[in-house]
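As a plain string of letters, each chain reads:
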Amino acid sequence: MSIMELVAAAAQAPSSHNTQPWRWIASPDETRIELHADRRQALPVNDPRGRELVISCGAALFALRVAAAHAGTGTVVVPFPSADPDHLATVHLAGTPGDEGALYDALAARHTHHGPFARTSVPPMVLAALRAAAEAEGACLHVMDALQRDSVAGLVAEADRVLWCDRGWRRELARWFRIRRRGDGLPVSIAALVPTRFVVAHLDLGRRLGRADARLVEEAPAVVVLATHEDEPEDWLRAGQALERVLLVAHGAGLSAAFENQPCEASPAMRARLAAVLQGHVPQMVARLGPTAPARPTPRRPVRVSAGRGAPAPR
Ligand SMILES: Cc1cc2nc3c(=O)[nH]c(=O)nc-3n(C[C@H](O)[C@H](O)[C@H](O)COP(=O)(O)O)c2cc1C
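What counts, and where the lines are drawn
Residues numbered from 1 in each chain as written. Predicted model: local features only at pLDDT ≥ 70, side-chain atom pairs only at ≥ 80, totals over all residues. Pairing = 2+ DSSP bridges. Helix = DSSP H or I, 4+ residues; strand = E, 2+ residues; numbered from the N terminus. Axes fitted to C-alpha atoms, helices over the stretch in contact; angles between N-to-C directions. Contact = placed C-beta atoms within 7 Å. Buried ≥ 20, exposed ≤ 12 C-beta atoms within 10 Å, placed from the backbone. Near = placed C-beta within 6 Å. Nonpolar A, V, L, I, M, F, W, Y, C, P; charged D, E, K, R; others polar. Parallel < 35°, antiparallel > 145°, perpendicular 65-115°, else oblique. Left-handed = near helix turned anticlockwise from the far one by under 90°. Expected span 1.5 Å × (residues − 1).

## Things to note about the sheet that holds strand 2 (residues 32-37)
Thinking step 1. Read from one edge of the open sheet, five strands run 3-4-2-1-11, paired in mixed fashion. The strands lining the two open edges of the sheet, one partner per strand, are strand 3 (75-79) and strand 11 (305-307). Neighbour to neighbour, the strand axes of the sheet diverge by 25° on average, direction disregarded.
Thinking step 2. Of the strand pairs in this sheet, strand 2 and strand 4 (residues 87-93) are connected by five bridges, and their pairing is antiparallel. Note that in strand 4 the partner of Leu-35 across the bridge is Ala-89.
Thinking step 3. Of the strands in this sheet, strand 1 (22-26), strand 2 and strand 11 touch helix 1 (residues 3-10), which is tilted by about 140° from strand 11.

Below is the structure:
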């Protein structure tokens, strides 16, 4: 598989608002590839620290590892190998491929779900496999019990109200609705573009959406929180790789994810309240899981790989 094919496979990864905030630089001999944050795709209001940006890049990094392993190539990832904080990782294409290659078919078939799920349950064996997937990448997946789920539903409703009453946040979200078939952003039909942007930018839907989202959380087949031990960029990169591994394993078990990250986004205090539900682990992503019909893919930016002068050697 060529570097371009690896990067195209990595681009199937999920990203916040479908921003696809990654940049790839290959060494001239194509044995190393660097992952950089593309800050032009940042969401300064929704994600002021760039936490979700790095999680998105981590998801793309895991997808690249899957594609390389599928092609029979191992990967050695060196996180944050230089003084540049936007140089998130260097991937050395070498060694024995890991077990990730088995997830290759799910890369393009996985899509984020945005609506309700059928009222069913997720078998404990599947939940155990998802937990193991997160742990394999150094993160933890907390499956919410009934009491924790009530707390999460309440926090999601409250966070919706906080986010939607912020005009800057609404305007930023409105700007990411797009009609393009290629590129970035959240796709809507040509007829829906202007009304969607207008409504999102100008109306505070927080109360209504909060009630609806809380109900979705209460009724979902499973609600999970992906968490890390600390909250540094290294942890976000780990969380992103864990996220993609969990999503691909879930896809293999017939499950899609719908995200309810609002409590992690609305304020540090609300995120701390969610952390208390997890006995102190740091929440990074909140998702409902359930079975869905095949969904339409979202657009992707054209695949680009810059040529680099060479990447630093592993630490
Ligand atoms: C860090 C991160 C945060 C996300 N937050 C949300 C969210 O709050 N709500 C939502 O509906 N989707 C969320 N998503 C999913 C993206 O909208 C989705 O990945 C993107 O639109 C691309 O679509 P796809 O996942 O179907 O390929 C998030 C994804 C990532 C990686």
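## Structural notes on the pairing of strand 2
Thinking step 1. Within strand 2, five of the six residues are buried, which leaves the element mostly enclosed by the surrounding structure.
Thinking step 2. One ladder, built from five bridges, connects strand 1 with strand 2; its direction is antiparallel. Across the sheet, Ala-26 pairs through a bridge with Ile-33, a residue of strand 2.
Thinking step 3. Hairpin connection from strand 1 to strand 2: five residues lie between these consecutive antiparallel strands, with Glu-30 at a positive phi of about 60°.

## Topic: the site of the ligand
Thinking step 1. Lining the immediate surroundings of the ligand are 16 residues, of which Pro-14, Asn-18, His-111, Thr-112 and Phe-259 lie closest.
Thinking step 2. Sort the elements by how many residues they give to the shell around the ligand and helix 2 (residues 51-70) lands first, with four residues.
Thinking step 3. Across the shell around the ligand, the residue classes break down as five nonpolar, 10 polar and one charged.

## So, the packing of helix 5 (residues 146-164) against helix 8 (residues 206-219)
Helix-helix packing: each pair is described by the crossing angle between the helix axes and the interaxial distance.
Thinking step 1. At a minimum axis distance of 8 Å, the contact between helix 5 and helix 8 shows a crossing angle of 160°. With respect to their mutual orientation, helix 5 and helix 8 come out roughly antiparallel. The way helix 5 lies across helix 8 gives a crossing that is right-handed. Contacts between helix 5 and helix 8 involve Arg-149, Val-152, Ala-153, Gly-154, Val-156, Ala-157, Asp-160, Arg-161, Leu-163 and Trp-164 from the first element and Gly-206, Arg-207, Leu-209, Gly-210, Arg-211, Asp-213, Ala-214, Val-217 and Glu-218 from the second.
Thinking step 2. Looking at the contact of helix 5 with helix 8, its residues break down into nine nonpolar, three polar and seven charged.

## Some words on the environment of Cys-165
Thinking step 1. Structurally, Cys-165 can be placed in the loop between helix 5 and helix 6 (167-175).
Thinking step 2. By the C-beta count within 10 Å, which is 13 here, Cys-165 ends up partly exposed.
Thinking step 3. Separated by 37 residues in sequence, Cys-165 and His-202 have C-alpha atoms that sit 9.9 Å apart.
Thinking step 4. Here Cys-165 is in contact with Asp-204 and Gly-206, once residues within four sequence places are set aside.

## Concerning the sheet that holds strand 5 (residues 140-143)
Thinking step 1. Read from one edge to the other, the open sheet built from four strands follows the order 5-8-10-9, with strand pairing classed as antiparallel. Of all strands in the sheet, those with a lone pairing partner are strand 5 and strand 9 (256-259), marking the two edges. Here the strands of the sheet are splayed against their neighbours by 35° on average, with no regard to which way each runs.
Thinking step 2. In terms of strand pairing, strand 5 meets strand 8 (residues 222-228) through four bridges, oriented antiparallel. Note that in strand 8 the partner of His-142 across the bridge is Val-225.
Thinking step 3. Sheet strands touched by helix 9 (residues 233-252): strand 5, strand 8, strand 9 and strand 10 (282-290). Its angle to strand 8, the strand with the most contacts, is close to 150°.

## Quick look at the packing of helix 4 (residues 124-136) against helix 9
Thinking step 1. It is the contact of helix 4 with helix 9, at a shortest axis distance of 8 Å, that shows an interaxial angle of 155°. Looking at the two axes, helix 4 sits roughly antiparallel to helix 9. As for the relative orientation of helix 4 and helix 9, their crossing is right-handed in sense. Residue-level contacts link Ala-129, Leu-130, Ala-133, Ala-134 and Ala-136 of helix 4 to Ala-242, Arg-245, Val-246, Val-249 and Ala-250 of helix 9.
Thinking step 2. Looking at the contact of helix 4 with helix 9, its residues break down into nine nonpolar, no polar and one charged.

## Things to note about helix 9
Thinking step 1. The end-to-end C-alpha distance of helix 9, which contains 20 residues, comes to 29 Å, matching closely the 28 Å that a straight helix rising 1.5 Å per residue would cover.
Thinking step 2. With respect to burial, helix 9 is a largely interior element, 17 of its 20 residues being buried.
Thinking step 3. Looking one or two residues past helix 9, Gly-254 carries a phi angle of roughly 80°, positive in sign.

## Here we look at helix 1
Thinking step 1. By the criterion of burial, helix 1 is predominantly enclosed, with six of the eight residues buried.
Thinking step 2. Among the residues of helix 1, those classed as buried are Ile-3, Leu-6, Val-7, Ala-8, Ala-9 and Ala-10.
Thinking step 3. On its buried side, helix 1 packs onto strand 1, strand 2, helix 2, helix 3 (104-109) and strand 11.

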